[in-house]
Structures are given as C-alpha cells and as structure tokens.
Amino acid sequence: MTYKIEEAYLNGAVLTLLPSTVNQSFKDDALDCGLYVQLAASKQIDRFTHFQDWQAILIKALTAFGWIRLDFANQQQPISESIVVANLMRESLSESLDSVVEQQLDQVFATLLPGLCAEASKALVENSVQISRRGDVSSVVLQLALLLPSQQMALLCTAFETRETVGPNPFTQRLAKDSLIGDLKSFAFLGTLDDLRYAAYRQRISEALDERRSGLCFALKGVVT
C-alpha cells in the first residue's frame with residue numbers, strides 16, 4: 001500500500017491530513033463530525049485549563065456519533081531532557097497502525113509541518129496556544145487527525161504548559177524539560193465510523209455547521225506538494 005498525503009486542512013483546532021484515496025463522503029463526515037465534537041466539548045470545558053475533562057467529553061461525543069473505538073491510549077509523558085511533540089505523536093501510533101503509515105507520518109513531520117506557509121502557521125498557533133494572564137506561561141494543545149483509506153481516523157492530541165516562547169510550528173519545536181510546567185499529557189484515538197449510526201446525526205450536524213464551517217475549516221493551500 002502506498003500512502004501519500006494529498007490534502008491538509010485546519011479543521012477547528014485540528015491539523016487534518018488525508019490521502020487522495022479517502023473517499024469524499026468519508027472525508028466530509030470526518031471533517032464535519034470532528035469539528036462538531038470539538039465545538040461541543042469546548043462549549044462545556046476550556047481545553048487549555050481542563051484538558052483531561054475536555055478530552056473525556058470529546059471522546060464520549062465521538063463514540064456517541066458512531067466512531068467505533070479500535071484503540072485508545074491516554075498517558076502522561078515524563079520528560080528526560082527535551083522532547084519534540086511530532087516524535088511523541090508518531091510513536092503513539094506504533095501499536096495501532098502498520099509500518100507503511102508510520103513511514104508516511106515520518107515524512108509528513110519531516111517535510112509538511114516545517115513547510116507550512118505563514119498563514120497556516122499563524123492559524124495553527126492561534127488555535128493551539130493560549131498565553132496565561134501572567135504573560136509568562138503558554139498553555140498548548142496540539143491536535144493532529146490522520147484519515148486513512150480504510151475509513152478510519154487516528155486522532156492524536158498533546159497538551160502541556162511551558163515558559164518557552166512558542167514558535168511558528170509547535171509540532172516540531174524542541175521543548176526543554178526545565179521550561180515545562182508539570183507533565184506532558186497525550187492521547188491517541190483510533191476509530192472507524194459506523195455509517196449507519198452516523199446517518200442519524202449527519203444532517204443535523206451539517207446544518208448546525210452551515211454558517212460556521214467556512215470560518216473554521218479550510219484547506220491549507222500550497223502546503224502539500
């Protein structure tokens with residue numbers, strides 16, 4: 001199997017990647033449902049200040065709308081000297097996805113993310129970083145969704161607080177242990193969409209997003225070559 005990232009979207013606060021082999025209906029459903037559950041979770045809980053509660057609401061909503069959980073990992077990562085979030089996200093999939101997908105993720109993190117245009121980088125940071133009122137701590141929640149030709153979705157999320165200045169691409173920024181506050185939290189969700197179950201919600205979700213979708217979900221033009 002050849003897995004080649006062909007499209008990239010910033011869907012709410014989630015960088016969403018997909019190959020050309022993902023069919024259009026699954027793509028539309030994944031983007032709409034992914035955006036809707038983010039908005040639903042964030043309406044109840046601030047993901048920057050109460051990440052674990054926000055995460056629980058998000059996962060519960062996904063399963064309620066028809067995402068069948070195939071794998072899930074939730075952990076707090078101890079830091080040795082430093083860490084790169086992209087590496088952590090890739091490693092979190094090692095037991096869930098085959099080596100072909102892992103290799104493609106390596107290429108994505110090595111070439112796609114550092115190559116983000118200025119507009120995309122700015123949007124990613126604005127959606128993923130919150131500066132504390134004291135002005136010296138950044139709360140960061142980075143999210144990546146990978147849509148698979150098998151009509152599965154891998155959703156990866158990492159949250160942390162740092163005293164470092166967050167750069168234009170937090171995914172590939174090396175974080176120093178001494179600058180982190182507390183543990184680095186992460187989860188990896190792998191699920192497949194039950195089309196019959198989601199069909200009961202598809203129209204309602206689509207209509208709820210009609211007036212908001214264009215301002216919250218957009219293709220990152222020129223990012224994927």
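Scope of this entry: the structure provided in the associated data block. Note that the structure is a prediction, hence the values are computed from the model and not measured.

1. Re the side chain of N11
By the secondary structure assignment, N11 is in strand β1 (residues 5-11). In terms of polar contacts, N11 uses its side chain to reach the backbone carbonyl oxygen of L31, at 2.9 Å. Here N11 is in contact with T16, L31, G34, L35, Q38, L216 and C217, once residues within four sequence places are set aside.

2. Here we look at helix α5 (residues 118-128)
Turning to α5, its buried residues number three or more, namely A120, S121, A123, L124 and S128. Down the axis of α5, the buried set is contained in an arc of 165°. They therefore lie on one face. Residues A118, E119, K122 and E126 are exposed on α5 and point more than 90 degrees away from its buried face. Of the surrounding secondary structure, the elements contacted by the buried residues of α5 are β1, β2 (14-19), β5 (129-131), β6 (138-147) and β10 (217-219).

3. Structural notes on the packing of aromatic side chains
Here the structure, examined in full by the defined rule, presents 6 aromatic pairs. Centre to centre, the rings of Y36 and F65 are 5.7 Å apart; their planes meet at 70°, and the pair counts as edge-to-face. With Y36 in helix α1 (residues 24-44) and F65 in the loop between α2 (51-64) and β3 (67-77), this pair connects stretches of sequence that are 29 residues apart. Relative accessible area serves as the criterion here: at 21%, Y36 is assigned to the partly exposed category. Clustering of aromatic rings is evident, with ring pairs tying together F51, W54, F72 and F187. Between the NZ or CZ atom of R69 and the centre of the ring of F72, over which it lies, the distance is 4.9 Å.

4. Thoughts on the pattern of salt bridges
A full pass over the atoms with the stated rule returns 6 salt bridges. Note that R202 and D29 form a salt bridge whose closest N and O atoms lie 2.9 Å from each other. With R202 in helix α6 (residues 195-209) and D29 in helix α1, this pair connects stretches of sequence that are 173 residues apart. Between R213 and D210 there is a salt bridge, with its nearest N and O atoms 3.5 Å apart.

5. Some remarks on empty space enclosed by the protein
Per the counting criterion, the structure on display carries 2 cavities of 30 Å³ or more. Here the largest cavity is characterised by a volume of approximately 100 Å³. Around the largest cavity sit 15 residues that line it, and V14, G34, A145, M153 and L155 are the ones nearest its centre. Of all the elements in the fold, those that place two or more residues in the lining of the largest cavity are β2, α1, α2, β6 and β7 (152-162).

6. Observations regarding the pairing of strand β9 (residues 180-193)
Residues in a regular strand point their side chains to alternate faces of the sheet. Bridge count for β3 against β9 is 10 bridges, and the pairing is antiparallel. Note on β9: the bridge partner recorded for I68 is T192. Taken together, the 10 bridges between β7 and β9 define a ladder with antiparallel strand orientation. When the bridges of β9 are listed, T158 appears paired with S186.

7. A look at the packing of α1 against α6
Where α1 meets α6, the axes come as close as 10 Å, and the angle between the chain directions of the two elements is 70°. Here α1 lies roughly perpendicular to α6, going by the angle between them. The crossing of α1 and α6 is left-handed. Taking contact as the criterion, the partners of D29, D32, C33, L35, Y36 and L39 in α1 are, on α6, D195, Y198, R202, R204, I205, S206, A208 and L209. Looking at the contact of α1 with α6 residue by residue, the classes come out as 8 nonpolar, 1 polar and 5 charged.

Definitions and cut-offs
- Going along each chain's sequence as written, the residues are numbered from 1 onward.
- With pLDDT at 70 or above as the cut-off, local features in this predicted model cover only qualifying residues; side-chain atom pairs require 80 or more to be listed or tallied, and sums for whole chains, interfaces and linings still use all residues.
- As a convention, hydrogens and water are excluded, and side-chain values are obtained from all of the structure's heavy atoms.
- Note on conventions: DSSP H or I runs of at least 4 residues are helices, E runs of at least 2 residues are strands, and numbering of each starts at the N terminus.
- Any pair of nitrogen or oxygen atoms within 3.5 Å is treated as a polar contact; in protein, a donor-acceptor pairing is required on top of that, and neighbouring residues in sequence qualify only through side-chain atoms on both sides.
- Residues count as neighbours in contact if any of their non-hydrogen atoms are within 4.5 Å of one another.
- When a residue's accessible area, from a 1.4 Å probe over protein chains only, is under 20% of the maximum for its type it is buried; when over 50% it is exposed; and in between it is partly exposed.
- Each direction from the helix axis to a C-beta atom contributes to the arc, which is the arc of those directions.
- Two aromatic rings, drawn from Phe, Tyr or Trp (for Trp, its six-membered ring), form a pair once their centres lie within 6.5 Å of each other, and the interplanar angle then sorts them: stacked below 30 degrees, edge-to-face above 60, tilted otherwise.
- Two conditions define a charge sitting above a ring: the NZ of Lys or the CZ of Arg must be within 6 Å of the ring centre, and it must be within 35 degrees of the ring normal.
- Salt bridges are defined by distance alone: a side-chain nitrogen of Lys or Arg within 4 Å of a carboxyl oxygen of Asp or Glu.
- We place a 1 Å grid over just the protein atoms. Points where a 1.4 Å probe fits but has no way out form a cavity, open points with protein on both sides within 12 Å along at least 5 of 7 lines form a pocket, and any residue with an atom within 4 Å of a point lines it.
- Grid points are joined across faces, edges and corners, and a volume is the space filled by probe spheres set on the points.
- Think of it this way: DSSP has to see at least two bridges between two strands before they count as a pair.
- Whenever a helix is involved, its axis is fitted only over the stretch in contact; in every case the axis is a line through C-alpha atoms, and angles between N-to-C directions fall within 0 to 180 degrees.
- In these notes the angle categories are as follows: under 35 degrees is roughly parallel, over 145 is roughly antiparallel, 65 to 115 is roughly perpendicular, and the rest is oblique.
- Handedness of a crossing is defined here by the sense of rotation of the near helix relative to the far one, left-handed for an anticlockwise turn of less than a right angle and right-handed for a clockwise turn.
- Residues are sorted three ways: Asp, Glu, Lys and Arg are charged, Ala, Val, Leu, Ile, Met, Phe, Trp, Tyr, Cys and Pro are nonpolar, and all the rest, Gly among them, are polar.

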